[in-house]
Each structure stands twice: as structure tokens, then as C-alpha cells.
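Structural overview
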Amino acid sequence: MSAGSTAPVHIIGGGLAGCEAAWQIVGSGVPVVLHEMRPLRPTAAHKTSALAELVCSNSFRSDDPEHNAVGLLHAEMRKLDSLVMRAADANQVPAGGALAVDREGFSTAVTAVLEAHPLVSLCREEIAGLPPPDWDSVIVATGPLTSAALADAIARLVGEEALAFFDAIAPIVHRSSIDMSVAWLQSRYDKAGPGGSGADYINCPLSRERYEAFIDALLAGDKVSFHDWETATPYFDGCLPIEVMAERGRETLRHGPMKPFGLTNPNAPNVKPYAVVQLRQDNRLGTLFNLVGFQTKLAHGEQVRIFRTIPGLENAEFARLGGLHRNTFLNAPKFLNETLRLKAAPRLRFAGQITGCEGYVESAAVGLLAGRFAAAERLAKTLRPPPPTTAHGALLGHITGGHIETIDAGPRSYQPMNVNFGLFPPLTQAPTRAVDGTRLRGTAKTLAKKAAISRRALGDLALWIAGGDHALAAE
Ligand SMILES: Cc1cc2nc3c(=O)[nH]c(=O)nc-3n(C[C@H](O)[C@H](O)[C@H](O)COP(=O)(O)OP(=O)(O)OC[C@H]3O[C@@H](n4cnc5c(N)ncnc54)[C@H](O)[C@@H]3O)c2cc1C
């Protein structure tokens, strides 16, 4: 089929995800119509009319492909001919081990490439509702600040509960970093619930002194203030930040998320904890656990300092820290299939932060995948999702299936996340010895494990790229 006779894929939103998706699609010879509402309709955070504008920091974070999951994602994106990475590399500014960019140069470069491409039509317009019925392949990449008219239409289509307008993020910890000689596994009153075993939570006990010190630390800790346009943030879903609960009374947390009832500590059965912090499994792999009810606006450094005072979490490694922001995102594991199509309306695909990934790089990576899936489909070919051992596959797994819903009743638990090594399937055999034969310990062991996961990822990505399916093989 020639490009001239191929119907276009429509992309709504010319941000990080939409631009990367457009680039990947036109790379397959399929035309794209890219609909971007700026400058006609601005958002509360964007300042320019350029495509792929970076709304805040100019950093793409670590560029270390061996020991950092986002650095690995960079490496994979480069191998997949990412426009975002190409523009970032061309506009790099010195930032140590991080990849930081000249923001204007970066977005100007992306805009220029897409504007000049013969298969891209750029329409500066807001799509203020569901796209017309004759758009049979659409990627919605409208980001955390999706315009209200479109967000309302999506919410009506999927149900109010399926689309969130704020994230309320509790920190997530790597299970392997929790001290289980202090903490223990048990569900409150040993209740199994619909999907549980009766021992689904990791419990960390606090004595009265530790609890009082913890409350003091919460009250004194530095908090991040809301942006002007976020000040009307409703503390929705009963998701009060823990420091706000502590401000309401020193005992509030002990009667809320830190209540000690229905739990017996097998490490010290005769000592009744004064308060308990519970962590709940967050992903199917069981590698990540979230601190239940611990959504917070504490500054990130303060979170690490204060949460490591919780017995059992002294050496906690955080896969994600807490936050509360204006955001728009779908309950993607429930509503999207493995190629990012909306189950209720398969002509719509979602990409970028609206799927519940977090960050510039992750949004672009999910745009890359959505673009490749849409292009393959347009060409009547099949594209297998990338293996879960790759950074792209791990991120896709988080979005479309890796997260597990709450075991018991409570607010919907899927929350945005950056890529991190906790999303990858564990190694079948983690390295135990260095090349010189000495036994690996501590940081050296952790680094060796990360390097092995990264090697496996790049190897599996190469196989995926070499595989017939990846090359848009016919069904
Ligand atoms: C205030 C703020 C600060 C942030 N800071 C950082 C940071 O420092 N580092 C980081 O990694 N991430 C940060 N993020 C997250 C970051 O926005 C996203 O990770 C990334 O930009 C999302 O990419 P995206 O393509 O999904 O959305 P965006 O890049 O926001 O692109 C979406 C595009 O869709 C357009 N659009 C929206 N609705 C419509 C419509 N109805 N019709 C047509 N066009 C529409 C918008 O104008 C926008 O251009 C921040 C987010 C916010 C809100």
C-alpha cells in the first residue's frame, strides 16, 4: 500500500508522547495528522507553542544505561530510532551523569522535524470531545493537562471512576530492602479478602516513642507547595496527605492508616505495637510494596529521611516517592489492552502520561510503542509487545497489567510511576561473585544486579528488533 492511499493515524496532543508516536508512524510510511491545541488553547503549565515542550525541569534524568532504569530506557529508545532521544542528544547541556537539554533547542528541533515531514499534517486545534467516528485509528496523547472538554468526554466513555484528575501517590519500596526480621507478613485479622492469602501486607511495628518521634518529624518536615493552579486540589478519594492527618491531631494516624489492630508481631508476640505501618504488594511480580495510605506532599529528601525511621524500613530503597499533583490519567491496567487500545473503543489508543506513566522519557517511550502498534495495525501487520525484560516492556507491563488492584475495598490503587528496576522480572540467577571471583556484597552486589538486568534487557530488545514480528511482519 502506498502512503498516498493509506488513511492517516490521528494523534491528539503534540507533547512528548504525541511527537514520538508521530515520528514512529511516519517512519513506517503511514501518514499522521497531529492535532495540537496550543497556542489557541493554552494549558496551565506550557509557555510556548512549540511541540514537545518541557514544562518544568530540563532533565531527562540519568543517562547511565547500566545501573539506572531510565538510562536503560534512553539506550533502548536510541536503538528504536527515537526522535525525542535524537533531539535530546543534539541539544545536550552539561549535567554530569544526567541527560539535560537546552529546552528551547530541544522542542524547536522536534517541531522542525515534524513540521517538515511530508507525511505529517499539523493541525493547531483543540479536539474538544471524542474524535469524529470516521477517525478509525486515534492516539490520545493529551498528557497530564488534557483539556477539560476532551477529559470530560473520555470520562463519560469509560466511566467517571476510570479517569483521575489528580494523583495521590504513596511511596513504593523495593521488597528486597525491607528488614523482615523486624517486619512481618499478615493481613489485618488474617482476612484473606477476594484476592489475598491472609498474609498479604508487610507490617512495620512502632513503639509509642517511635510513633511520637515520627509524628514530630512529619509535622516539622519540609513540604512541597502546590502550584497556583493546583491550590484548589481537592483531597479526593479520602486521600489526605499523612502530614495533613498529623496536623489534625497526633492520634489521627494511629486511628487511620497506622492503626495497630488485628495484627500480631511474630518477631515479638508479647509486645503490642503502638502503631503499625502497612505495605501492600503493588505489582504482580511481588517486587514492589506501597506504604498504605501514605500519600504525602513532603519534600522527597524528607520522605527518605523520615520513612527510614520506621522500624523495618531503615534501609528501604524507594522505587517511587509520594506526591500529590494535578494530573489526568486512566486506570490503564483495567481499561487498556496490551497494545494500549481502549477496550471499550478500540479505535482509540492512549499514550504518554495519560496512561499512568510518569516523566518526559517514559511518556515519550509509551508514545513510541503506541506509534509502532498503530502503524503495524494500519499496515495490517502484527507487532508483539516488547518482552517484559526490556525497559519498554516493563513500563508497558506496569501500564497494561503489572499493577494489582487493592486486595481489600478502598480507593482505586493504580498511580503513575517512573520506570524503575522493580518493574522488571527478577533475574533467574542474580550475580553473586565479581569477575575476580570475590563474593559481591552491599552496593557492589546491587550494582551487579542492575547491570545484569540491563544486559538482559538490551539483549532481549535486540532479539525483539531482529524478530520478524517486530519488523511489522504480516499476520
Ligand atoms: C507542572 C508539571 C511539571 C512537570 N515536571 C516534570 C519534570 O520536571 N520532569 C518530568 O520528567 N516530567 C514532568 N512532568 C510530567 C510531564 O508533563 C510529562 O511527563 C510529560 O510532558 C508528559 O508527556 P505527554 O506527551 O503525555 O503530555 P504533554 O507533554 O503535556 O503533551 C500533551 C499535549 O497535548 C495537548 N492537548 C491537551 N489537550 C488537548 C486537546 N483536547 N486537543 C489537542 N491538544 C491537546 C497539550 O497542549 C500538550 O501539548 C510535569 C508535569 C506537570 C503538569
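Because the structure is a prediction, the values reported are computed rather than measured.

1. Here's the deal with helix α10 (residues 360–378)
The end-to-end C-alpha distance of α10 is 27 Å, a good match for the 27 Å that 19 residues give at a rise of 1.5 Å each. Buried residues dominate α10, accounting for 18 of its 19 residues. A380 sits one or two positions beyond α10 and adopts a positive phi of about 55°.

2. Observations concerning the confidence of the model for the protein chain
Here the protein chain averages 90 in pLDDT, and 92% of its residues register 70 or above. Under a pLDDT of 50 for its full length, residues 470–475 has, in the predicted model, 20 contacts with residues more than four places off or in other chains.

3. So, the packing of helix α3 (residues 83–90) against helix α4 (residues 103–116)
At their nearest, the axes of α3 and α4 sit 9 Å apart, and the two run at 135° to each other. Comparing the axis directions of α3 and α4 gives the class oblique. In this structure, the crossing between α3 and α4 has a hand that is right-handed. Contacts from L83, V84, A87 and A88 in α3 reach F106, A109, V110, V113 and L114 in α4.

4. Some thoughts on the site of the ligand
A17, E36, R38, Q353 and Y360 are the nearest of the 32 residues found near the ligand. In the model, a nitrogen atom of the ligand is placed 3.2 Å from a nitrogen or oxygen of the M37 main chain. Compared with its free state, where it exposes 980 Å², the ligand has 91% of that area covered by protein. The class makeup of the residues in the shell around the ligand is 12 nonpolar, 16 polar and four charged.

5. With respect to the sheet that holds strand β14 (residues 318–320)
Strand order in the open sheet formed by six strands is β10-β11-β12-β13-β9-β14, with antiparallel pairing between adjacent strands. Single-partner strands in this sheet number two, and they are β10 (184–185) and β14. Alignment of β10 against strand β11 (residues 201–206), held across two bridges, turns out to be antiparallel. What sits directly across from W184, in β11, is N203.

6. Quick word on the pairing of strand β17 (residues 345–350)
Pairing geometry for strand β7 (residues 138–140) and β17, over three bridges, is parallel. Considered in β17, the bridge of V138 is made with L348. Here strand β16 (residues 341–342) pairs with β17 via two bridges, running antiparallel. Note that in β17 the partner of R341 across the bridge is R349.

7. Here's the deal with a positive patch on the surface
A surface patch of positive charge is lined by R433, R439, R441, K445 and K449. Relative to the elements of secondary structure, K445 occurs in helix α12 (residues 442–466).

Conventions used here
- Residues numbered from 1 in each chain as written.
- Predicted model: local features only at pLDDT ≥ 70, side-chain atom pairs only at ≥ 80, totals over all residues.
- Heavy atoms only, no water.
- Helix = DSSP H or I, 4+ residues; strand = E, 2+ residues; numbered from the N terminus.
- Expected span 1.5 Å × (residues − 1).
- Buried < 20%, exposed > 50% of the residue type's maximum accessible area, 1.4 Å probe, protein only.
- pLDDT = per-residue confidence, 0-100.
- Contact = heavy atoms within 4.5 Å.
- Axes fitted to C-alpha atoms, helices over the stretch in contact; angles between N-to-C directions.
- Parallel < 35°, antiparallel > 145°, perpendicular 65-115°, else oblique.
- Left-handed = near helix turned anticlockwise from the far one by under 90°.
- Near = heavy atom within 4 Å.
- Polar contact = N/O pair within 3.5 Å; in protein donor to acceptor, adjacent residues only side chain to side chain.
- Areas by Shrake-Rupley, 256 points an atom, 1.4 Å probe, with all protein chains shown as cover.
- Nonpolar A, V, L, I, M, F, W, Y, C, P; charged D, E, K, R; others polar.
- Pairing = 2+ DSSP bridges.
- Patch = residues over 30% accessible without salt bridge, like charges linked within 9 Å, V, L, I, M, F, W, Y side chains within 5 Å.
- Salt bridge = Lys/Arg side-chain N within 4 Å of Asp/Glu carboxyl O.
- Lys, Arg positive; Asp, Glu negative; His and termini not counted.
- Charge placed at Lys NZ, Arg CZ, Asp CG, Glu CD.

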